[in-house]
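Next come the chains, spelled out residue by residue.
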Amino acid sequence: MSFLKGAVYFTSFGLKDASEVSCIGHDWEDIPDFLGAKYGEVARRLDLSFNQLRSLKGLKAFSQLEELIVDNNLLGNDLRLPRLPRLHTLTLNKNQFTDIEALLEHLVEVTPALEYLSLLGNEACPNQLVSMDKDEDDYQRYRYFVLHKLTNLKFLDTRKVTQSERSEAEARGAFMKVVKPKNDQDTASDLRSESTVTSYTPLPRGSKDARNHKGVFTKCRYVYYGKHSEGNRFIRNDQL
């Protein structure tokens, strides 16, 4: 089948359970109602790539879907799908997922037959497509975490799931969560919060004010018994 930007294609291969709908490059922000009304009951494969989708609410009419391709859209961490009991293939490449834990838990509930998943090109999928700072170890930890959540997957991104990966995911996958790095705004907020907290000092309250400093004799909370501190060195007069 050839695809033309902005066109809607429907193809029936002679069998009711082998129908494909392709809606590539329409710049849709939502799935239009007419699509589900016209193709929802017969579509088995739906391609919505290269749009501007931020949600997939319109998928409710496509209850018989087996393959869903939603690459190059604007889908994020708040994505919600209707229950799709027959869906075995889902590709969400190049969207805006930064934390996939909620997504994976949601997929467990609504796509029980899922076997093929691809999340390449998202920040939550740490490889060199997203950042040159990521390496194979980062990506492998991500795979273990995904496989820990979605135990029925046979294929993740571009690789077949191996038995050794399944074993590692079962044993340690829960501890392999990919943590989202803080952005500049979060860091600035943390710094402002820290600036409002008074740091502990062993000096008495009266000696903390730099404008009214005075010597104070009191007990310190900590005692050092080490042998190698500078304070334990003897300095002779000829060394001064």
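Further up the page is the structure itself.
Here the structure is a predicted model, which is why all the values come from computation and not from measurement.

(A) Layout of the overall build of the protein. For the protein, the count of helices and strands is five helices and eight strands. Sequence-ordered secondary structure for the protein, helices as α and strands as β, is β-β-α-β-β-β-α-β-α-β-β-α-α. By element, 51% of the accessible surface of the protein is carried by carbon and sulfur atoms, the whole surface being about 15,700 Å².

(B) Examining the pattern of salt bridges more closely. One pass over the structure, following the stated rule, counts 10 salt bridges. Across the pair K149 and E101 runs a salt bridge whose closest N-O atoms are separated by 3.8 Å. With a gap of 48 residues between them, K149 in helix 3 (residues 136-149) and E101 in helix 2 (residues 101-110) connect regions that are remote in the sequence. For the salt bridge of E165 with R143, the shortest nitrogen-to-oxygen distance reads 2.7 Å. Of the two residues, E165 is situated in helix 4 (residues 163-172) and R143 in helix 3; the sequence distance between them amounts to 22 residues. Exposure remark for E165: the relative accessible area of 6% places this residue in the buried category.

(C) Molecular detail of the nonpolar core. If you look at the biggest cluster of nonpolar residues, it comprises 47 residues, and the most contacted ones within it are L35, L56, L68 and L117. Where this core is concerned, the elements lending two or more residues are strand 2 (19-23), helix 1 (33-39), helix 2 and helix 3. For this core, the element with the most residues is helix 3, which contributes six residues.

(D) Structural context of unusual backbone geometry. One non-glycine residue with positive phi stands out, namely D27, at about 60°. Position of D27 relative to the elements: it lies in the loop between strand 2 and helix 1. A relative accessible area of 47% places D27 in the partly exposed class. Notably, K94 is not glycine yet its phi reads approximately 55°, a positive angle. Residue position: K94 is located in the loop between strand 5 (89-91) and helix 2.

(E) Geometry of the environment of I31. Positionally, I31 belongs in the loop between strand 2 and helix 1. Accessibility expressed as a relative area gives 6% for I31, which makes it buried. The spatial distance from the C-alpha of I31 to the C-alpha of L48 is 8.7 Å, given a sequence separation of 17 residues. Contact partners of I31, with chain neighbours within four places excluded, come to L48, L53, L56, G58 and L59.

(F) Structural detail: the pairing of strand 2. Most of strand 2 is tucked away, with five of its five residues classed as buried. Here strand 2 shows a buried face lined by S19, V21 and C23 and a second buried face lined by E20 and S22. As defined by bridge partners, strand 2 adjoins strand 3 (residues 45-47) across three bridges and the pair is classed as parallel. Looking across to strand 3, one finds that S22 is bridged to D47. The parallel pair strand 2 and strand 3 is bridged by helix 1, and the resulting crossover is right-handed.

(G) Quick look at the environment of K154. With respect to the helices, strands and loops of the structure, K154 is situated in the loop between helix 3 and strand 7 (155-156). C-alpha of K154 to C-alpha of R166: the two residues are 12 residues apart in sequence and 9.9 Å apart in space. Aside from chain neighbours lying at most four places away, what touches K154 is E115, K160, V161 and R166.

(H) Molecular detail of the packing of helix 3 against helix 4. Look at helix 3 against helix 4: their axes get within 8 Å of each other, and the N-to-C directions meet at 75°. In terms of their interaxial angle, helix 3 and helix 4 are classed as roughly perpendicular. Only E165, E168 and A169 of helix 4 make contact with helix 3, whose side of the interface consists of Q140, R143, Y144, L147 and H148. Counted by class, the contact of helix 3 with helix 4 contains three nonpolar, two polar and three charged residues.

(I) Local environment of the environment of V70. Checked against the element boundaries, V70 lands in the loop between strand 4 (67-69) and strand 5. The residues contacting V70, other than those within four sequence positions of it, are L48, S49, L53, L56, L75, T91, L92, N93 and N95.

What counts as what
- Residues numbered from 1 in each chain as written.
- Predicted model: local features only at pLDDT ≥ 70, side-chain atom pairs only at ≥ 80, totals over all residues.
- Heavy atoms only, no water.
- Helix = DSSP H or I, 4+ residues; strand = E, 2+ residues; numbered from the N terminus.
- Areas by Shrake-Rupley, 256 points an atom, 1.4 Å probe, with all protein chains shown as cover.
- Salt bridge = Lys/Arg side-chain N within 4 Å of Asp/Glu carboxyl O.
- Buried < 20%, exposed > 50% of the residue type's maximum accessible area, 1.4 Å probe, protein only.
- Core = buried A, V, L, I, M, F, W, Y, C linked by side-chain atoms within 4.5 Å.
- Contact = heavy atoms within 4.5 Å.
- Pairing = 2+ DSSP bridges.
- Right-handed = clockwise from strand over helix to strand, strands pointing away.
- Axes fitted to C-alpha atoms, helices over the stretch in contact; angles between N-to-C directions.
- Parallel < 35°, antiparallel > 145°, perpendicular 65-115°, else oblique.
- Nonpolar A, V, L, I, M, F, W, Y, C, P; charged D, E, K, R; others polar.

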